[in-house]
Amino acid sequence: MAERPEDLNLPNAVITRIIKEALPEGVNVSKEARRAISQAASVFVLYATSCANSFAMKAKRKTLNAGDVMAAMEEMEFERFLPPLREALEAYKKGQKGKKEASEQKRKDKEKKNGTEENDKSREEEDDEEEHMEDEPDAENEGEEEDVEN
């Protein structure tokens, strides 16, 4: 756990970006207001985490999941945030699925390429052996040729 309350605050840059995205252009926010919003956001995150943890503990789990967070939002009476939260979660899952599929395809392509390279190397080695055999006459044949000449 954090030793000081300041350690629990979200980064100022993140808070400033969220504020700018939420307000119309040209609206200024004082440093004091940004600080208050930052502290409020930190308290909200801690409270939501605590509520979600309660749901996980009731289910005898140590890992919080999205369902725990959804239930916590409902318990905290933030039901109106559930639809956009569900949409964001679905978008995240789709993105993760796409990344996983791309990673698997990349791995398969790499394996296929490595398999092709290994086959090419085997063919080259076989060709080299055949050329080497053609260039060098057999020792037995050399002896026969000498016998014929004598």
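Here we summarise the structure given alongside this text. Every value quoted in this text rests on a predicted model; they were computed, and no experiment measured them.

**Quick look at the nonpolar core**
Piece 1. Formed by Ala 48, Cys 51, Ala 52, Met 70, Ala 72, Met 73, Met 76 and Leu 82, the largest nonpolar core amounts to eight residues.
Piece 2. Among the elements of the structure, α2 (31-58) and α3 (66-75) are those that each provide at least two residues to this core.
Piece 3. Not counting the four nearest positions on each side in its chain, Leu 82 is found in contact with Met 70, Met 73 and Glu 74.

**A word on unusual backbone geometry**
Piece 1. In this model, Lys 60 sits at a positive phi of 60°, which is unusual for a non-glycine residue.
Piece 2. Within the element layout of this structure, Lys 60 appears in the loop between α2 and α3.
Piece 3. A relative accessible area of 79% means that Lys 60 is categorised as exposed.
Piece 4. A positive phi angle, close to 65°, is found at Glu 77, a residue other than glycine.
Piece 5. Within the secondary structure, Glu 77 is located in the loop between α3 and α4 (82-135).

**Looking at α2**
Piece 1. With 28 residues, α2 should reach 40 Å at 1.5 Å per residue; the first-to-last C-alpha distance of 41 Å fits that figure.
Piece 2. All of the buried residues along α2 are Ser 38, Ser 42, Ala 48, Cys 51, Ala 52 and Ala 56.
Piece 3. Lining the buried residues of α2 we find α1 (12-22) and α3.
Piece 4. Backbone geometry just after α2 places Lys 60 at a positive phi near 60°.

About the criteria used
- Residues numbered from 1 in each chain as written.
- Predicted model: local features only at pLDDT ≥ 70, side-chain atom pairs only at ≥ 80, totals over all residues.
- Heavy atoms only, no water.
- Core = buried A, V, L, I, M, F, W, Y, C linked by side-chain atoms within 4.5 Å.
- Buried < 20%, exposed > 50% of the residue type's maximum accessible area, 1.4 Å probe, protein only.
- Helix = DSSP H or I, 4+ residues; strand = E, 2+ residues; numbered from the N terminus.
- Contact = heavy atoms within 4.5 Å.
- Expected span 1.5 Å × (residues − 1).

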